[in-house]
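# Fold and contact review
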Amino acid sequence: NQSWLDHFYLQGFASIENYKIGLFFIFLSTYLLTLFGNMIIVLVVCLHVNLHTPMYFFITNLSFLEIWYISLTVPKLLAMLLTNNKRVSFHWCFAQLYMFHGLGMTECALLAVMSFDRYLAICDPLRYKSIMNDRLCKGLSLISWSYGFTSATIPVSFAIILPFCGPRYIDHYFCDFAPLLKLACINTSLNNIVNICVMGFAIVFNFIIIKIMYINIIHSIMRMKTITRRIKAISTCSSHITVVMLFYSTGFSVYASPKGLHSVNYDKMFALVYAMFTPLLNPIIYSLRNKEVKIALRRSFKLI
């Protein structure tokens with residue numbers, strides 16, 4: 001029997017229900033720290049003129065994105081752990097699906113743009129300021145956000161028209177493509193192909209750009225004559241490399257690995273890493289490893 005379901009139930013972490021109080025406080029602390037850390041980055045960059053550079057402009061974009069990224073999944077997860085209310089409406093489920101993947105593909109694009117920024121700063125420093133002007137920065141940012149949410153429209157449009165006949169239980173803690181498509185009444189091979197093409201292109205294409213940029217950066221660093229210049233060049237892109245490795249390693253583990261290779265719980269745990277803990281670590285990586293941000297933070301706290 002085919003029917004149009006008006007709501008679903010998220011199963012969450014059913015296997016560790018006995019620890020839900022402890023998990024609630026862990027996830028709540030992580031969520032609040034993530035909001036605080038990323039908001040601090042945005043405010044500090046906005047308030048200090050010396051940080052009004054292309055690199056910090058894109059870091060602000062990334063921090064703003066992370067605030068939305070974690071806010072899409074964690075509040076509902078906290079409500080599930082505290083009240084055991086696992087019901088989500090059909091429209092909210094697909095809105096979350098669209099926003100989550102739109103933000104994810106936007107982050108892929110932003111990380112690629114940031115690698116281009118680091119490439120120009122290290123490989124062509126004399127023309128860096130003239131090339132990476134305010135207009136180009138805003139243009140690249142707009143392209144990244146538009147690309148991410150436009151790309152997400154395609155797989156979501158194919159998924160939302162599917163007939164769902166149940167059961168209503170989504171084996172995840174948020175609405176994602178793989179567990180949602182399992183509830184469809186018809187063959188979803190076309191949806192899987194569309195998802196692989198769109199998300200695979202977003203991940204692989206931007207990763208190739210990042211790889212090309214860093215091959216050129218490494219080549220340029222190796223040609224530098226002094227160790228001091230090499231260390232300075234490496235330090236300017238070390239934070240970005242760390243974030244890229246963290247984001248892509250977890251993303252590849254869930255979306256690029258063959259289906260059936262690992263359990264659903266495995267996917268959930270890795271989803272926690274890129275959806276919750278990566279947004280937490282980003283402001284820490286960019287602030288603790290960057291002298292300019294630390295100086296700006298000290299000045300801000302002195303004013304308070």
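Criteria and thresholds
Every chain begins its residue count from 1, and numbering advances along the sequence as written. Given that this is a predicted model, residues contribute local features only at a pLDDT of at least 70 and side-chain atom pairs are listed and counted only at 80 or more, while totals for whole chains, interfaces and linings are drawn from all residues. To get the side-chain values, all heavy atoms of the structure are used, and hydrogens and water are removed first. We call a residue buried when its accessible area falls under 20% of the maximum for its residue type, exposed when it is over 50%, and partly exposed in between, using a 1.4 Å probe and counting protein chains only. The aromatic pairing rule takes the rings of Phe, Tyr and Trp, using the six-membered ring of Trp, and pairs them if the centres are within 6.5 Å, calling planes under 30 degrees apart stacked, those over 60 edge-to-face and the rest tilted. To qualify as a helix, a DSSP run of H or I must reach at least 4 residues; to qualify as a strand, a run of E must reach at least 2; elements of each kind are numbered from the N terminus. Multiplying one less than the number of residues by 1.5 Å gives the expected span of a helix. Any two strands between which DSSP finds at least two bridges are classified as paired. In what follows, a contact means two residues having at least one pair of non-hydrogen atoms within 4.5 Å. To get an axis, a line is fitted to the C-alpha atoms, and for a helix only the part in contact is used. The angle between two axes follows their N-to-C directions and goes from 0 to 180 degrees. Among buried residues, those of type Ala, Val, Leu, Ile, Met, Phe, Trp, Tyr and Cys that are joined through side-chain atoms within 4.5 Å constitute a nonpolar core. Every residue gets a pLDDT, meaning the predictor's confidence in that residue, from 0 to 100.

In this section: unusual backbone geometry. At N84, a residue that is not glycine, the phi angle is positive and equals roughly 65°. On the accessibility criterion, N84 (43% relative accessible area) is partly exposed.

Applying the stated rule across the entire model yields 19 aromatic pairs. Measuring from centroid to centroid gives 5.4 Å for F57 and F58, while their planes differ by 70°, and the two rings are edge-to-face. Taking relative accessible area as the criterion, F58 reaches 1% and is therefore assigned buried. Members of the aromatic cluster, each reached through a chain of ring pairs, are F64, W68, Y98, W145 and F149.

Below, the discussion takes up helix 2 (residues 54-83). In a regular helix each residue adds 1.5 Å, so 30 residues correspond to 44 Å; helix 2 covers 44 Å between its end C-alpha atoms and thus fits that length. Burial runs high along helix 2: 22 of the 30 residues are buried. Phi turns positive one or two residues past the end of helix 2, at N84, with a value near 65°.

With that settled, the discussion passes to the pairing of strand 1 (residues 7-10). Across 3 bridges, the pairing between strand 1 and strand 2 (residues 87-89) is antiparallel. Of the residues in strand 2, the one forming a bridge with H7 is S89. Bridge count between strand 1 and strand 3 (residues 169-170): 2 bridges; the pairing is parallel. Bridge assignment links Y9 to a residue of strand 3, and that residue is Y169.

Let us look at the sheet that holds strand 2. Strand order in the open sheet formed by 3 strands is 2-1-3, and the pairing between neighbours is mixed. Taken across any chain shown, the strands that pair with only one partner, and hence form the sheet edges, are strand 2 and strand 3. In this fold helix 3 (residues 90-123) packs onto strand 1, strand 2 and strand 3, with an angle of close to 80° to the strand it touches most, strand 2.

If you look at the biggest cluster of nonpolar residues, it comprises 37 residues, and the most contacted ones within it are L111 and Y248. Looking at this core, the elements with two or more residues in it are helix 1 (20-47), helix 2, helix 3, helix 5 (134-160), helix 7 (189-222), helix 8 (227-256), helix 9 (264-288) and helix 10 (291-303). Per element, the largest residue contribution to this core is 7 residues, and it comes from helix 3. Once you skip the residues sitting within four places of it in the chain, Y248 turns out to touch C108, L111, I203, N206, F207 and I210. Ranked by size, the runner-up nonpolar core spans 27 residues in total, among them L110, Y173, A271 and Y274.

Confidence along the chain averages 85 in pLDDT terms, with 90% of residues attaining 70 or more. Looking at the elements of the chain, mean pLDDT is at its lowest for helix 10, recorded as 71, and at its highest for helix 5, recorded as 95.

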